Amino acid sequence: MASNTSASRELSRDKSLAQGSHIPNGSMNTQTEKPTDYSSHGVTDNDIFLLPGSDFQLLGLLTAIAALVRLFRIYQPSSVVFDEVHFGGFASKYIKGRFFMDVHPPLAKLLLTLAGWLAGFDGEFDFKDIGKDYVEPGVPYVAMRMLPAIMGVMTVPMIFLTLKAVGCKTMTATMGAGLLIFENGLLTQSRLILLDSPLIVFTAFTALAWTCFTNQHEQGPLKAFDASWWFWLATTGLGLGATVSVKWVGLFTIAWVGSLTVVQLWVLIGDTKTITPRLWAKHFLARVFCLIIIPMTFYMALFAIHFICLVNPGDGDGFMSSEFQATLNSKQMQDVPADVVLGSRVSIRHHNTHGGYLHSHNHMYPTGSKQQQITLYPHKDENNAWLLENQTQPEGADGPIMGLKAWDDLPPTKIQDGTVLRLHHIVTSRRLHSHDVRPPVSEADWQNEISAYGYEGFEGDANDFFRVEIVKSMSDGAAAKTHLRTIETKFRLIHIMTGCAVFSHKVKLPDWGFDQQEVTCAKQGTLPNSIWYVEQNEHPQLGPDSEKVNYKNPGFLGKFWELQKVMWTTNAGLVESHAWDSRPPSWPILRRGINFWGKDNRQIYLIGNPVIWYSSTLAIGIYFLFKGLSVLRWQRGYKDYDNVNFKRFDYEIGTSVLGWAFHYFPFFLMQRQLFLHHYFPALYFAIMTLCQIYDFGANRIATLGLKERPGIGRSGVAALLAASIVAFTLYAPLSYGNPWTQDACNKVKLFETWDFDCSTFHTDLSKYDVPSANAGNAAKTGAPSVPQYVEAGKQKASQDPNVTPKASSDEQVVHQEEKVEYRDQDGNLLDESQVAELEGNVSFSTKYETRTRIIDAGGNEIGDASAGAEGFAPPHPDVDREPETAGQHQEDDKREHPATASPDDDISKEKSVEKADDGKPRPASEPKDATQ
């Protein structure tokens, strides 16, 4: 039986070869007869494991060159640089086990943590400030930077092997590898503790695996379900799981593979000779398992590791629900009495924003009634404790029983739906109170101020009365729908006199309110923002035998799904403009870069290699032109697709262009902040497209005449690589942060929109050898010198770390310059004629920029030693927006000034109450307001 099967397979193989479906080892079949099964016409066997030894030797050489380029001076700067503030900080939190919230999945952050831990990082360094020195505290930052750098190096063999897998010549694969090596933007991103390099290498790995699987699939039934076929299909699934586990941009990669999978299955349906319904179902289920089950399992497993590592409370737990928080160490709550009764001491928690507990402290509103503040506070604290009182005090033998213990000896009286209560703040002896006065921050007509009013022994007034309104649809259990039960009952507090509901939203109070979340009484408040529930409940009559409740453990799936929703909501809320953002139309033409870092007359500015960038964009345009003409010719009846090279050109290059489109066009639908580096995955596919088009022209299309003249093709590769290396060298100082001169900088500044500051650099390289006045701090490099915008007349004092320091009184001001510029919303400079056209049609807002340059007696610019080297890193618009506290909070902390947190200040504040920060400068550089 075995010999008959073998003979049958050999007979089928001979038949397939005779039909011209494929020839192994990369040899093109010269016959034009189309295959009769689902094999692709003109396909070759491009198994990368069967490449000649010379190809692997060349690949090793290219990888070594990539390592030299990527790792050159990776130790500089020796201080925290832009996004390292956040992604390095995540490593500290992983090692300490402190929970944080980030909009990106955990794979790359876990790998960065592993690299640091293996190098001896103990998590004590907090990466808090840009410019914070790595050397003195002994942070293994080089080891942590090595991880993304090595991943950047690995993209080089990835693209080489992928181009070989699609049938390109070794010369073309070398060209693709060289273009990746000398692409300045990819180089810059891969030398720092960032997530983009892992994202790109996993995208490249997925593209390689899928290309190899496609080559197996196109060779027809003989290759289906053999070991190599399964290996590459499963590897594609692992690649998809890894890519989406770094950033959700990996969803675009999934869409690319998914669309091509649909095409394959559609082709299989059309093969009625060899594909039975049962065999088609086998193909379908194999792809479901490898391309859906494997990626999902991988993705979820990473979050399981994420939860195992982060077991302690952290700044990010304010984003999460109470049930989620209860799973963290020291956040776990003991069972509490279920029934809430008159006289209960309770803590009341807001349901929607997860902002924390109804809170008061002995500080007054500066405006309005100037009564005691009511806020939302995210930590457990004695100032969260309230006593639930009836409208009147209970009667005793000698009259009303006064004091906090008035109900302690009385039989418990359940609080029913509709009960009118007074809420007595235990610490300050004031009652929750509202009146027809506008709140200090949310001054809308539908908002009333809510305060704490009274004193010990004061009976209060009618403005202290609130009616309990149980929201039955949100309460858990029949009993919770009729009377107040701890945790289970969701209710509103309706002010009797005005009809408004106690309300909170994602608006923070200013400094006088310790940045805690605002609480008001809203007449038209949305239902979710006016929902509350009781978390802690104590009463002397509710003893150990009373019914107890606690939070339900959400389990892994519950925590996983909740975190996905929080990540999605936070990511979608990043809609504010940014000084260095850009929109998708500008990316393929490299209109603008991103300022990363600047210090000591050096600068790191993210900009691509213009030769590579524009060549790849041109290649995309060429394919679209080809596709448009081919469709028109097909409609007119031309038989272009009968030509095997024409058909292979359309499919092979179309696959890469489709990858480019899936990683580019979805950004047009996004209203969130976007930056140049979001184009990098698309750029990878654009470079692939450029190489494939060149390979067809030089090696496969005989009518062009280059196939018979290989020397011309090799010369073209050499010329393109030489031009790329020259351009790379010209812009390398911006990639590495190397010394540069103003003249050299100005000569290569092709467009005004390339807004790196050439005046940052010295006029002569020899000046970099002159010791500066702050040479003692040479190792401490800081935040980039960038514009700092403030409102007119409201510039903060120079001690603000975000404001450029002014010269001290004993320094001579040798020159002052004033200049007026007009720019559009994208930061583009407008000339006088453009301004004249816009006048009367648009409104202009005024922003002031102050720059101070300190020079020594010889006229050489020096750093500002008085200000210090370190800069403050404002919140990252993509990563965690963790609640900020005034100090490290401890549950037993009885300080007079309470700490604060806002659990979700990423999401846009309600426009009706949004306030500008007086005099607070807008972060004006990518390192300070880092991006995804």
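See the structure shown above.
Residues numbered from 1 in each chain as written. Predicted model: local features only at pLDDT ≥ 70, side-chain atom pairs only at ≥ 80, totals over all residues. Heavy atoms only, no water.

**A short note on the packing of helix H8 (residues 196-218) against helix H9 (residues 227-244)**
Here is step 1: Look at H8 against H9: their axes get within 8 Å of each other, and the N-to-C directions meet at 155°. Considered as vectors, H8 and H9 are oriented roughly antiparallel to each other. Where H8 crosses over H9, the handedness of that crossing is left-handed. Side by side, H8 and H9 meet where Leu199, Phe202, Thr203, Phe205, Thr206, Ala209, Trp210, Cys212, Phe213, Gln216 and His217 of the first sit next to Ser228, Trp229, Trp232, Leu233, Thr235, Thr236, Gly239, Leu240, Ala242 and Thr243 of the second.
Here is step 2: When the residues that make up the contact of H8 with H9 are grouped by side-chain class, the tally is twelve nonpolar, nine polar and no charged. (Axes fitted to C-alpha atoms, helices over the stretch in contact; angles between N-to-C directions. Helix = DSSP H or I, 4+ residues; strand = E, 2+ residues; numbered from the N terminus. Parallel < 35°, antiparallel > 145°, perpendicular 65-115°, else oblique. Left-handed = near helix turned anticlockwise from the far one by under 90°. Contact = heavy atoms within 4.5 Å. Nonpolar A, V, L, I, M, F, W, Y, C, P; charged D, E, K, R; others polar.)

**Here we look at the state of the cysteines**
Here is step 1: Enumeration over the complete set of coordinates arrives at two disulfides.
Here is step 2: The partner cysteine of Cys500 in its disulfide is Cys521, sulfur to sulfur 2.0 Å. As the torsion about the S-S bond is roughly 95°, the Cys500-Cys521 disulfide counts as right-handed. Taken together, the residues span a long stretch of sequence, with Cys500 in the loop between strand S13 (491-495) and strand S14 (501-508) and Cys521 in strand S15 (residues 517-522) at a distance of 21 residues. Each member of the pair, Cys500 as well as Cys521, carries the same accessibility label: buried.
Here is step 3: Shown here is the disulfide that connects Cys745 with Cys758, its sulfur atoms set 1.9 Å apart. Here the S-S torsion is close to -75°, and the disulfide linking Cys745 with Cys758 is therefore left-handed. Of this pair, Cys745 sits in helix H18 (residues 742-748) while Cys758 sits in the loop between H18 and strand S20 (789-790); the two residues are 13 residues apart in sequence, bridging distant segments of the chain. The pair formed by Cys745 and Cys758 is uniform in burial state, with each residue classed as buried.
Here is step 4: Sequence-ordered numbering of the bonded cysteines in the chain gives a disulfide pattern of 1-2, 3-4.
Here is step 5: Just so you know, Cys691 is unpaired, no disulfide at all, and the nearest cysteine sulfur is the one on Cys168, 7.2 Å from it. (Disulfide = S-S within 2.5 Å. Buried < 20%, exposed > 50% of the residue type's maximum accessible area, 1.4 Å probe, protein only.)

**Side note on the nonpolar core**
Here is step 1: Judged by nonpolar contacts, the single largest core of 160 residues is most densely connected at Phe127, Leu179, Trp660 and Tyr679.
Here is step 2: Excluding residues that lie within four positions of it along the chain, Leu179 makes contacts with Ile612, Ile687, Leu690, Cys691, Leu720, Leu721 and Ser724.
Here is step 3: Counting residues in hydrophobic clusters, the runner-up holds 28 residues, among them Val346, Tyr365, Ala406 and Trp532. (Core = buried A, V, L, I, M, F, W, Y, C linked by side-chain atoms within 4.5 Å.)

**Some remarks on the pairing of strand S16 (residues 532-538)**
Two faces, one strand: in a regular strand the side chains alternate between the faces of the sheet.
Here is step 1: Among the seven residues that make up S16, five are buried, leaving the element largely enclosed by the rest of the structure.
Here is step 2: Two elements, strand S3 (residues 345-350) and S16, share six bridges in a ladder whose sense is antiparallel. From the neighbouring strand, Arg349 faces S16, where its bridge partner is Tyr533. (Pairing = 2+ DSSP bridges.)

**Topic: the packing of aromatic side chains**
Here is step 1: Per the stated rule, a full pass over the model turns up 57 aromatic pairs.
Here is step 2: Ring centres of Phe231 and Trp232 lie 4.9 Å apart, and the angle between their planes is 75°; this geometry places the pair in the edge-to-face category.
Here is step 3: Under the relative-accessibility criterion, Trp232 is labelled buried at 6%.
Here is step 4: Sitting above the plane of the Tyr638 ring, Arg633 keeps its charged end 4.1 Å from the centroid.
Here is step 5: Positioned over the ring face of Phe756 is Lys749, at 5.4 Å from the centre of the ring. (Phe/Tyr/Trp six-rings, centres within 6.5 Å; stacked < 30°, edge-to-face > 60°. Lys NZ or Arg CZ within 6 Å of the ring centre and 35° of its normal.)

**Quick look at the environment of Gly593**
Here is step 1: With respect to the element layout, Gly593 can be found in the loop between helix H13 (555-572) and strand S18 (594-599).
Here is step 2: The buried category is assigned to Gly593, whose relative accessible area is 2%.
Here is step 3: On a C-alpha basis, the gap between Gly593 and Trp754 in space is 6.3 Å, while along the polypeptide they are 161 residues apart.
Here is step 4: Among residues more than four places away in sequence, those in contact with Gly593 are Trp580, Tyr605, Leu606, Ile607 and Leu676.

**Looking at the packing of helix H2 (residues 53-71) against helix H5 (residues 141-165)**
Here is step 1: With their axes 9 Å apart at the nearest point, H2 and H5 run at an angle of 150° to one another. As summarised for this structure, H2 and H5 are arranged roughly antiparallel, according to the angle between their axes. Remark: the crossing between H2 and H5 carries right-handed chirality. Every residue of H5 that contacts H2 at Asp55, Leu58, Leu59, Leu62, Thr63, Ala66, Ala67, Arg70 and Leu71 is listed here: Met146, Ala149, Gly152, Val153, Val156, Pro157, Phe160, Leu161 and Lys164.
Here is step 2: Class assignment of the residues belonging to the contact of H2 with H5 gives a composition of 13 nonpolar, two polar and three charged.

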